[in-house]
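# Secondary and tertiary structure notes
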Amino acid sequence: MKYMLLIQFGDAPTPYSPDEWERLSEDEQKAIYRAYNEINETPGVTPSGVQLQPAEMATTVRVEDGKTLTTDGPFVTIKEALAGWLMFEADDIDAAIELASRIPAARMGGAVEVRPVVEY
Amino acid sequence: MPQAAPRILEQVFRDEWGRVLAGLIGFLGDFDLAEEAAQEAFAVAAERWPREGTPANPRAWLVTTARNRAIDRIRRDRTLAAKTRLLDVPTAVGDDVDSGSHRLDERLELVFTCCHPALPLDAQVALTLRTLGGLKTEEIARAFLVPEETMAKRLVRAKRKIKAAGIPFRLPPAHLLPDRLAAVLAVVYLIFNEGYGGRGDLAAEAIRLGRALAELMPDEPEAQGLLALMLVNDARRGARFADGTVVLLGDQDRSLWDFDQIAEGRAALDRALALGGRDPYVLQAAIAVLHVDEPLDWPQIAALYGELARLTGSSVVELNRAAAIAEAGEVEAALALVESLELDRYHYLHATRAELLRRLDRVEDARAAYERALELVQSDAERRFLEQRLAELQG
């Protein structure tokens with residue numbers, strides 16, 4: 001089974017929010033980077049290979065009645081916006097849940113959505 | 001072979017449905033296929049057994065027949081084979097299928113699958129009742145006061161999610177077991193509570209599930225504790241209502257209690273305590289058992305409520321503790337505790353406060369409290385009880 005793990009930062013401190021990020025000790029910051037690296041190197045994981053710029057840098061495009069509407073920011077709230085993703089191949093959802101629970105964002109005020117991928 | 005009486009057949013079907021279905025789901029890896037095969041097997045049995053007599057081993061017969069039906073279907077329809085997790089379509093099995101062993105009893109795997117946290121709670125309840133309880137969709141819909149179509153969609157969506165999201169059919173690994181077991185027990189208790197207010201059939205279903213769980217997990221104190229709790233509370237059901245109103249414990253006609261069930265409950269509690277159980281269901285069971293003892297040991301009941309409150313942090317438990325403290329003779333202390341609780345929308349809080357105020361002869365305050373309780377009460381039987389109490393005050 002293939003799963004997409006979609007990460008939302010929520011309230012989690014990230015390098016993009018320097019005030020909160022600086023409140024973490026250097027060890028805590030290093031531990032977060034290490035955790036993300038370990039996850040990316042877990043067997044079965046295909047990292048996204050890209051790093052997204054923060055949600056504040058997003059632009060949302062909609063088309064209504066043939067007119068293109070462009071607005072600043074993500075489609076959802078900043079906290080809910082996609083922060084990153086990875087693909088995971090596993091036997092069942094329990095393995096995907098276990099991996100998701102190790103993603104730092106999940107325990108720091110964010111969330112990880114585990115979405116099964118359509119397979120033909 | 002002797003002719004099978006219809007009632008015995010019905011009993012066999014009820015007992016065996018969950019086991020047979022669980023075994024099939026384990027074998028086929030698909031809920032719908034398994035359900036169809038099981039239904040066919042039971043239909044054949046219903047037609048044949050009254051004529052030919054019940055087989056020596058009904059379970060083996062049902063499992064064998066169902067498996068063979070499923071295999072037949074898969075052979076005829078290759079697209080179905082892709083749905084199952086059978087690598088090769090097996091040949092039909094004979095009567096020597098090992099039916100007595102626990103290998104075929106995959107009800108534990110089934111209940112953990114039905115109660116997986118990736119499914120919404122209402123779906124967990126519905127699926128458990130449908131697959132383990134064998135209730136028809138229409139029966140479950142009626143029990144939860146939703147249209148049949150709503151319940152049918154709920155079940156379809158749940159089964160679809162199990163497949164699409166890869167919810168596994170197996171026991172959770174040891175490190176996940178405590179949380180997952182708590183979820184399963186919560187579902188069973190939810191089913192019991194839906195039946196507790198009067199719809200006795202669901203309470204009986206919950207107890208059946210509880211018995212199965214206790215049997216399948218003999219070393220889990222909370223499984224024993226939940227079973228004990230349900231048995232003891234259900235045993236008093238016959239005495240709880242009279243003339244459309246609630247009858248308090250102290251006024252209940254004990255001859256209407258089911259003492260065999262109470263004894264079964266005590267035995268389950270003893271097993272739980274012997275296993276060192278001291279978690280919420282075990283504590284609640286101990287409290288329930290103390291309530292059927294004579295004379296009532298209110299200080300001990302209050303102490304157990306205290307332990308339970310510390311574990312759960314529940315204000316409702318504290319309210320119950322207050323009632324026990326009052327019964328033990330400390331009405332002022334009980335009132336003080338009640339008044340410290342933040343449960344303003346809970347009618348039992350106001351009813352309890354009213355009762356305590358009444359005992360302290362604070363009639364005006366008691367009246368106001370009963371009136372507040374009447375604003376919030378839901379059930380007719382409880383409303384009548386409160387109205388009676390209020391009337392006694394004015395008199």
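Residues numbered from 1 in each chain as written. Chains lettered and ligands numbered in written order. Predicted model: local features only at pLDDT ≥ 70, side-chain atom pairs only at ≥ 80, totals over all residues.

## Regarding the overall build of chain A
Spelled out, the test is: Secondary structure elements are defined from DSSP: runs of H or I of at least 4 residues count as helices, runs of E of at least 2 residues count as strands, and each element is numbered from the N terminus. Neighbour counting defines burial: a residue surrounded by 20 or more other C-beta atoms within 10 Å of its own C-beta is buried, one with 12 or fewer is exposed, and intermediate counts give partly exposed, using backbone-placed C-beta atoms.
When its secondary structure is counted, chain A shows four helices and six strands. Ordered by position from N to C terminus, the α and β elements of chain A give β-α-α-β-β-β-β-α-α-β. Overall size of chain A, expressed as C-alpha extent along the three principal axes, is 45 × 45 × 20 Å. Counting over 120 residues, chain A shows a buried share of 17%.

## Here we look at the overall build of chain B
Selection rule: Note on contacts: residues are paired as contacts if their backbone-placed C-beta atoms lie within 7 Å.
On a plain count of helices and strands, chain B comes out with 19 helices and two strands. Principal-axis analysis of the C-alpha atoms places the extent of chain B at approximately 80 × 45 × 45 Å. Counting all 395 residues of chain B, 39% fall into the buried class. Here the analysis covers contacts within chain B between residues at least 6 apart in sequence; of these, 61% occur between residues at least 24 apart.

## Details of the sheet that holds strand S5 (residues 82–89) of chain A
Residue and element names in this part refer to chain A. Filter applied, for reference: Any two strands with at least two DSSP bridges between them are considered paired. The convention used is that axes are lines fitted to C-alpha atoms, helices contributing only their stretch in contact, and that angles between N-to-C directions extend from 0 to 180 degrees.
Strand order across the open sheet formed by four strands is S2-S5-S1-S6, with antiparallel pairing between neighbours. Either end of the sheet is taken by a strand with one partner, and the two such strands are strand S2 (45–47) and strand S6 (111–116). When strand polarity is set aside, the average angle formed by the axes of neighbouring strands in this sheet is 25°. Lying on the sheet, helix H3 (residues 93–102) is in contact with strand S1 (2–8), S5 and S6; it crosses S6 at an angle near 155°.

## Focus: the interface of chain B and chain A
It is common to give the size of an interface as the accessible area that goes away when the parts come together. The condition that has to hold: Polar here means any residue outside two lists: the nonpolar Ala, Val, Leu, Ile, Met, Phe, Trp, Tyr, Cys and Pro, and the charged Asp, Glu, Lys and Arg; Gly therefore counts as polar.
Taken together, the contact pairs six residues of chain B with five residues of chain A. Across the side of chain B that touches chain A, the residue classes break down as five nonpolar, one polar and no charged.

## Remarks on helix H12 (residues 259–274) of chain B
All names here are of chain B. Under the convention used in this document: Residue count minus one, scaled by 1.5 Å, sets the expected span of a helix. Directions drawn from the helix axis to the C-beta atoms are what define this arc.
If you check H12, its first and last C-alpha atoms are 22 Å apart, about what 16 residues at 1.5 Å a residue would give, namely 22 Å. Burial in H12 covers these residues: Ile262, Gly265, Ala268, Leu269 and Ala272. Down the axis, H12 shows its buried residues gathered within 120° of arc, on one side only. Those residues of H12 that are exposed and angled more than 90 degrees off the buried face are Phe259, Asp260 and Ala274. Positive phi appears at Gly276, one or two residues downstream of H12, with a value of about 85°.

## Here's the deal with unusual backbone geometry
Here the amide bond leading from B:Glu294 into B:Pro295 is cis, since omega sits at -5°, within 30 degrees of zero. Tracing the sequence through the fold places B:Pro295 in the loop between helix H13 (280–292) and helix H14 (298–312). One non-glycine residue, A:Asp65, adopts positive backbone phi at about 50°. With respect to the helices and strands, the residue A:Asp65 is situated in the loop between strand S3 (59–64) and strand S4 (67–72).

## Here's the deal with the pairing of S3(A)
Counted residue by residue, S3(A) has zero buried out of six residues, so it is predominantly exposed. The hairpin formed by S3(A) and S4(A) contains two residues between the paired strands, and A:Asp65 there has a positive phi angle of roughly 50°.

## Brief notes about the packing of helix H6 (residues 121–131) of chain B against helix H8 (residues 148–164) of chain B
All names here are of chain B. Put simply, the rule is: These descriptions rest on fixed angle ranges, namely under 35 degrees for roughly parallel, over 145 for roughly antiparallel, 65 to 115 for roughly perpendicular, and the rest for oblique.
Where H6 contacts H8, the axes come no closer than 9 Å and their chain directions differ by 95°. It follows that H6 is roughly perpendicular to H8 by the angle criterion. Contact residues: Asp122, Ala123, Ala126, Leu127 and Arg130 in H6; Met151, Arg154, Leu155, Arg157 and Ala158 in H8. In terms of residue class, the contact of H6 with H8 is made up of six nonpolar, no polar and four charged.

## Considering the pairing of S4(A)
All names here are of chain A. Of all the six residues making up S4, zero are buried; the element is thus mostly uncovered. Two elements, S3 and S4, share six bridges in a ladder whose sense is antiparallel. Across the sheet, residue Arg62 finds its bridge partner in S4, namely Leu69.

## Re the environment of B:Arg154
Looking at where B:Arg154 falls in the secondary structure, it is placed in helix H8. Separated by 30 residues in the primary sequence, B:Arg154 and B:Gln124 have C-alpha atoms spaced 9.7 Å apart.

## Observations concerning the nonpolar core
Rules: Defined on buried residues, the nonpolar core groups Ala, Val, Leu, Ile, Met, Phe, Trp, Tyr and Cys residues joined through C-beta atoms within 7 Å.
Counting 122 residues, the largest nonpolar core has B:Leu24, B:Val188 and B:Ala285 as the members making the most contacts within it. Not counting chain neighbours up to four residues away, the residues in contact with B:Val188 comprise B:Ala206, B:Leu209, B:Gly210, B:Leu213 and B:Leu226.

## Considering the confidence of the model for chain B
All names here are of chain B. Which entries qualify depends on this criterion: Values of pLDDT, which run from 0 to 100, indicate the predictor's confidence residue by residue.
Residues with a pLDDT of 70 or more make up 90% of chain B, whose mean pLDDT is 88. With pLDDT under 50 throughout, residues 95–102 is counted as low confidence; its partners more than four residues away or in other chains account for 12 contacts. Among the prediction metrics, the complex's ipTM stands at 0.90, with pTM recorded as 0.83.

## Points about H8(B)
Residue and element names in this part refer to chain B. Relative to the 24 Å expected for 17 residues at 1.5 Å per residue, H8 spans 24 Å between its end C-alpha atoms, a close match to the ideal helical length. Taken residue by residue, H8 has Met151, Arg154, Leu155, Ala158, Lys159 and Ile162 as its buried positions. In a view along the axis of H8, the buried residues occupy a sector of 125°, so they form one face of it. Facing away from the buried side of H8 by more than 90 degrees, the exposed set consists of Glu149 and Arg160. Turning to H8, the residues buried within the fold contact helix H2 (31–52), helix H5 (107–114), H6 and helix H7 (137–143). Looking one or two residues past H8, Gly166 carries a phi angle of roughly 70°, positive in sign.

## Examining the environment of A:Phe88
All names here are of chain A. Summarising the element assignment, Phe88 is placed in strand S5. Linking Phe88 and Pro47, residues 41 residues apart in sequence, is a C-alpha distance of 8.4 Å. Setting aside its immediate chain neighbours within four residues, Phe88 contacts Tyr3, Leu5, Gly44, Val45, Ala96 and Leu99.

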